[in-house]
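The chain contents come next:
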Amino acid sequence: MSETDLQAVLWDMDGTLLESEQMWEIAVRELSLHLGGPMSDETREKTIGATSPHALAVVFDSLGLDKTPEALRDARNWMYARVGELFAEGLEWRPGAREALQLVRDRGLRSALVTNTERELGDVALDTMGRKYFDVSVCGDEIPAGKPDPAPYLRAAELLGVDPARCLAVEDSPTGAASAEAAGCTVLVVPSFVEVPRGPRRILRDSLVGLSGNDLHSLHALVTV
Ligand SMILES: [Mg+2]
């Protein structure tokens, strides 16, 4: 085994494995209405892949609201309750996601869920997807800074005992791709809602459908040679 061989795959959740970015879309737009007015597409785009505190700050700023701790806490709870309702109505896989998770397991690679979503909803999603697909999980409320900071991916690699340079991260947003790249991972970008800029450690693919074990290794090798 060479020093650059792939050892683990680190998965973003919303918009990458699950069609849950739509649920955040519904909840964050409803939250904006609840707090004072409709959300522009530009504001919405700034919340994609963001941490909850950052998304709330964007919403409050867009409406000119005071970001008091009480108001932010109430808004956070309102948003999480709404997304929780939507998760309960039925979570769906992104195309090819379940097969890609199984592929990683079949290949004997390690696997982690790395999400800006907080543990409260991360656990609901893990139960729905199946915990067997993941060795560890890192949620947005468990690290000092969320994506685009590298901290979530660094923590996942640390928990797995793997060098980030030997990890392939799978992401759908510019925020998530920046986080994984800053951590030193190779990033497989499968865009969902917004376009993701190209980068030296990024490989773009239209979907996870048809991904093979050879693809995983060759994608990683492409940017590590
Ligand atoms: Mg995402």
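The model shown is predicted, which means the values in this text are computed figures rather than measured ones.

**Points about the environment of Trp-11**
Step number 1: By the element assignment, Trp-11 lies in strand S1 (residues 8-11).
Step number 2: Residue classification places Trp-11 among the buried positions, given a relative accessible area of 0%.
Step number 3: As for Trp-11 and Ala-156, which are separated by 145 residues in sequence, their C-alpha atoms are 10.0 Å apart.
Step number 4: Setting aside residues up to four positions removed in sequence, Trp-11 forms contacts with Leu-17, Ala-100, Leu-101, Val-104, Ser-111, Ala-112, Leu-113, Val-114, Phe-134, Val-170 and Leu-208.
Step number 5: Looking at Trp-11, its side chain comes within polar contact range of the side chain of Ser-111, at 3.1 Å.

**Side note on the packing of helix H7 (residues 151-160) against helix H8 (residues 174-183)**
Step number 1: Across the interface, H7 lies against H8 with an axial gap of 7 Å and an inter-helix angle of 55°. In this view, H7 runs oblique relative to H8, as classed from their interaxial angle. The two elements H7 and H8 cross, and the hand of that crossing is right-handed. Contacts from Pro-152, Tyr-153 and Leu-154 in H7 reach Gly-176, Ser-179, Ala-180 and Ala-183 in H8.
Step number 2: Class assignment for the residues of the contact of H7 with H8 results in five nonpolar, two polar and no charged.

**With respect to the coordination of the magnesium ion**
Step number 1: Note on the magnesium ion: its protein donors are Asp-12 (OD), Asp-14 (O) and Asp-172 (OD). The metal-donor distances range over 2.1 to 2.2 Å.
Step number 2: In the primary sequence, the donor residues of the magnesium ion line up as D-x1-D-x157-D. Of this pair, Asp-14 sits in the loop between S1 and helix H1 (21-35) while Asp-172 sits in the loop between strand S4 (167-171) and H8, and the two are 158 residues apart along the sequence. Here the two residues Asp-14 and Asp-172 agree in accessibility, since each one is buried.

What counts as what
Residues numbered from 1 in each chain as written. Predicted model: local features only at pLDDT ≥ 70, side-chain atom pairs only at ≥ 80, totals over all residues. Heavy atoms only, no water. Helix = DSSP H or I, 4+ residues; strand = E, 2+ residues; numbered from the N terminus. Buried < 20%, exposed > 50% of the residue type's maximum accessible area, 1.4 Å probe, protein only. Contact = heavy atoms within 4.5 Å. Polar contact = N/O pair within 3.5 Å; in protein donor to acceptor, adjacent residues only side chain to side chain. Axes fitted to C-alpha atoms, helices over the stretch in contact; angles between N-to-C directions. Parallel < 35°, antiparallel > 145°, perpendicular 65-115°, else oblique. Left-handed = near helix turned anticlockwise from the far one by under 90°. Nonpolar A, V, L, I, M, F, W, Y, C, P; charged D, E, K, R; others polar. Donors = N, O, S within 2.8 Å, 3.2 Å for Na, K, Ca; no water.

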